[in-house]
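# Residue-level structure breakdown
Listed here are the chains, written in short residue letters.
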Amino acid sequence: GEPRTPAIAALHDDTAAALTPREFHIARLAANGRTRREIATELALSMRTVSNHLNHIYAKLGVTDRESLAAQLDEDGAPSRS
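Residues numbered from 1 in each chain as written. Predicted model: local features only at pLDDT ≥ 70, side-chain atom pairs only at ≥ 80, totals over all residues. Heavy atoms only, no water.

On to the overall build of the protein chain. From N to C terminus, the protein chain includes five helices and zero strands. Ordering the α and β elements of the protein chain from the N terminus gives α-α-α-α-α. A burial count over the protein chain gives 30% of its 82 residues as buried. Look at the contacts in the protein chain between residues 6 or more apart in sequence, and 51% of them connect residues 24 or more apart. Split by element, the accessible area of the protein chain, about 5,300 Å² in all, is 51% carbon and sulfur. (Helix = DSSP H or I, 4+ residues; strand = E, 2+ residues; numbered from the N terminus. Buried < 20%, exposed > 50% of the residue type's maximum accessible area, 1.4 Å probe, protein only. Contact = heavy atoms within 4.5 Å. Areas by Shrake-Rupley, 256 points an atom, 1.4 Å probe, with all protein chains shown as cover.)

Set out below in C-alpha cells:
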C-alpha cells in the first residue's frame, strides 16, 4: 500500500526535499561510521549542531539510525530512491 508517514511518503515523491550540501556532507560522514564528536571536530561545529543536522537528515530520509541512513545512500552518496 501507500506509505502513511510523511517522511516515508516523501521518499516516494519526486518533489521530496533534497538534503542541503551541509546535510549531505554530514550524512556521508555519519554513514561512513564517524561519530558525532568526530564530525563536529572535522567540520568545526558543535556536537549539538551536528546532532541537529542528523535529526533533520533522518527526518528528510525517513530513517531512524545510522544503518538505515547508510542503506538510503547509494554509492555516490545521493539519497536512494529505491
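Text resumes after the structure shown.
Let us look at the packing of helix α2 (residues 21–31) against helix α3 (residues 36–43). Between α2 and α3, the least distance of the axes is 10 Å, while the angle of their chain directions is 135°. As summarised for this structure, α2 and α3 are arranged oblique, according to the angle between their axes. Note that α2 runs across α3; the crossing there is right-handed. Residues Arg22, His25, Ile26, Leu29 and Ala30 of α2 touch α3, and the partners they reach there are Ile39, Glu42 and Leu43. When the residues that make up the contact of α2 with α3 are grouped by side-chain class, the tally is five nonpolar, one polar and two charged. (Axes fitted to C-alpha atoms, helices over the stretch in contact; angles between N-to-C directions. Parallel < 35°, antiparallel > 145°, perpendicular 65-115°, else oblique. Left-handed = near helix turned anticlockwise from the far one by under 90°. Nonpolar A, V, L, I, M, F, W, Y, C, P; charged D, E, K, R; others polar.)

On to the nonpolar core, then. If you look at the biggest cluster of nonpolar residues, it comprises 17 residues, and the most contacted ones within it are Ile39, Ile57, Leu61 and Leu69. Only α2, α3 and α4 (47–61) provide two or more residues apiece to this core. When near neighbours in sequence (up to four residues on either side) are disregarded, Ile57 contacts Leu19, Glu23, Ile26, Ala27 and Leu69. (Core = buried A, V, L, I, M, F, W, Y, C linked by side-chain atoms within 4.5 Å.)

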